[in-house]
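Architecture and fold: a report
Each chain is listed here by its residues.
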Amino acid sequence: MPISVREVCKNDYAAWDKYVHAHPEGTFCHLSGWKIVIERGAGHSCPFFLAEENGKIVGILPLTFRKSRLFGNALISSMFTVYGGVLADSSEAHTLLEEAAWHYAQANGLHIVSYRTIKSGHSEDIGWTVDTDSAATFIKPLNKTPEDILLDIPRKQRAVVRKSLKTGLQSVWGADVGAFYKLYAESVRNLGTPVFPKRLFEELLAVFGDAVEIQLVRTEEGNPIASLMSFYFKDTVLPYYAGGSPIARKYGAHDFMYYDLM
């Protein structure tokens, strides 16, 4: 049977996620739950495509149809994520998924299809424009003890972390999304960046459950000054959305927060 490509339906979600977990380049950002999160939490439609051969998934492509007066319209894999693009078992499945994305874009009057990938690979080979300078991925194996993790931090920054450990800061794990969002929104606004809707974060927790964790950093007096939302996938944790109050720097709250997470 030839490889066929179609849009995903709800009954495909479990098989889709099983494929992502099994694929060596699969990431948290490829999971089917993002379709629900983005559509419900931000109002953008998500045409997720899968390639099948003999009833078996042999490739996937999550996409977001971005409609924005500020940033323009585009088809992105995927919006609100740092990773995306095609996962496939063969170059044929890869090509068919890209063709499906481009046909969808043309049918909806879009002139841009954009991937966020760690490796450019196939897309670069067939003439896509590849930008390697605007973003970077940092992956660090974690040591087993708190002291060894601390020693892995460069000396100058390690001194900042040690200082923060003496300020009485404490992490609250599994904090509510309201406490997190207040600090996130304040921080992002102060940087002059558009703030994502609170509903997006509520949906992340609702859809992904234990794979999402909120960390709230409080002073000795109990005042929340920094917050972080992290994602867990396989053996990796992704510190993803973060924010803090203006006095967070005084306490070294962000340094404390990331060290405590590690």
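Before any of the text, the structure's been laid out above.
The residue count restarts for each chain, going from 1 along the sequence in the order it is written. Note on the predicted model: pLDDT of at least 70 is required for a residue's local features to be given, and 80 or more for side-chain atom pairs to be given and counted; whole-chain, interface and lining totals, by contrast, use all residues. By convention in this description, side-chain values take in all heavy atoms of the structure and omit both hydrogens and water.

1. With respect to the packing of aromatic side chains
The description of an aromatic ring pair uses the distance of the two centres, along with the angle that the planes make with each other. The condition is simple: In this analysis, rings of Phe, Tyr and Trp, with Trp reduced to its six-membered ring, are considered paired at centre separations within 6.5 Å, and the interplanar angle assigns stacked below 30 degrees, edge-to-face beyond 60, and tilted for intermediate values. Secondary structure counts use DSSP, requiring at least four H or I residues in a row for a helix and at least two E residues in a row for a strand, with both numbered from the N terminus. Summary of the burial criterion: residues with accessible area below 20% of their type's maximum are buried, those above 50% are exposed, and those between are partly exposed, where the area comes from a 1.4 Å probe applied to protein chains only.
One pass over the structure, following the stated rule, counts 19 aromatic pairs. Between the aromatic rings of Phe-180 and Tyr-184, the centroid separation amounts to 5.8 Å while the plane-to-plane angle is 15 degrees, which identifies the pairing as stacked. With Phe-180 and Tyr-184 both in helix α7 (residues 177–190), this residue pair falls four residues apart, about one helical turn. For Phe-180, a relative accessible area of 0% gives the class buried. Pairing Tyr-240 with Tyr-241 gives two aromatic rings, centres 4.9 Å apart and planes at 75 degrees, and the pair type is edge-to-face. Comparing Tyr-240 with Tyr-241, the two get one shared label, buried. Every member of this aromatic cluster is reached through a ring pair, and the members are Phe-28, Trp-34, Phe-80, Phe-180, Tyr-181, Tyr-184, Phe-196, Phe-201, Phe-208, Phe-231, Tyr-240 and Tyr-241.

2. A few points about the packing of α7 against helix α8 (residues 198–208)
Worth spelling out the cut-off: Orientation is described by lines fitted to C-alpha atoms, with helices fitted over the stretch in contact, and by angles between N-to-C directions that extend from 0 to 180 degrees. Here the word oblique covers every angle except those under 35 degrees (roughly parallel), over 145 (roughly antiparallel) and from 65 to 115 (roughly perpendicular). Rotating anticlockwise by less than a right angle from the far helix to the near helix defines a left-handed crossing, while the corresponding clockwise rotation defines a right-handed one. Here, two residues are considered to be in contact whenever any of their heavy atoms come within 4.5 Å of each other. Note that Gly is not counted as nonpolar here; it falls among the polar residues with everything else outside the nonpolar set of Ala, Val, Leu, Ile, Met, Phe, Trp, Tyr, Cys and Pro and the charged set of Asp, Glu, Lys and Arg.
The geometry of α7 relative to α8 is characterised by a closest axis approach of 10 Å and an angle of 140 degrees between their N-to-C directions. Of the possible angle classes, the one that applies to α7 and α8 is oblique. α8 is crossed by α7, and the crossing has right-handed handedness. Taken together, the residues of α8 that come into contact with α7 (itself represented by Val-177, Gly-178, Phe-180, Tyr-181 and Tyr-184) are Lys-198, Phe-201, Glu-202 and Leu-205. Class assignment for the residues of the contact of α7 with α8 results in six nonpolar, one polar and two charged.

3. A few points about the layout of surface pockets
Unoccupied space between atoms shows up once a probe the size of one water molecule is rolled over them. The condition is simple: With a 1 Å grid spanning the protein atoms alone, the term cavity applies to any set of points in which a 1.4 Å probe fits but cannot get out, the term pocket to an open set with protein on both sides within 12 Å along at least five of seven lines, and the term lining residue to any residue with an atom within 4 Å of a point. Grid points are joined across faces, edges and corners, and a volume is the space filled by probe spheres set on the points.
In this model, the second largest pocket occupies a volume close to 260 Å³. Lining the second largest pocket we find 14 residues, and of these Ile-153, Pro-154, Gln-157, Tyr-258 and Met-262 sit closest to its centre. Elements that contribute at least two residues to the lining of the second largest pocket include exactly α5 (146–152), α6 (155–164) and α10 (253–261). Considering every element that reaches the lining of the second largest pocket, the biggest residue donor is α10, with four residues. Its residues assigned to classes, the lining of the second largest pocket comprises nine nonpolar, two polar and three charged.

Function-wise, these values are silent; they only describe arrangement.
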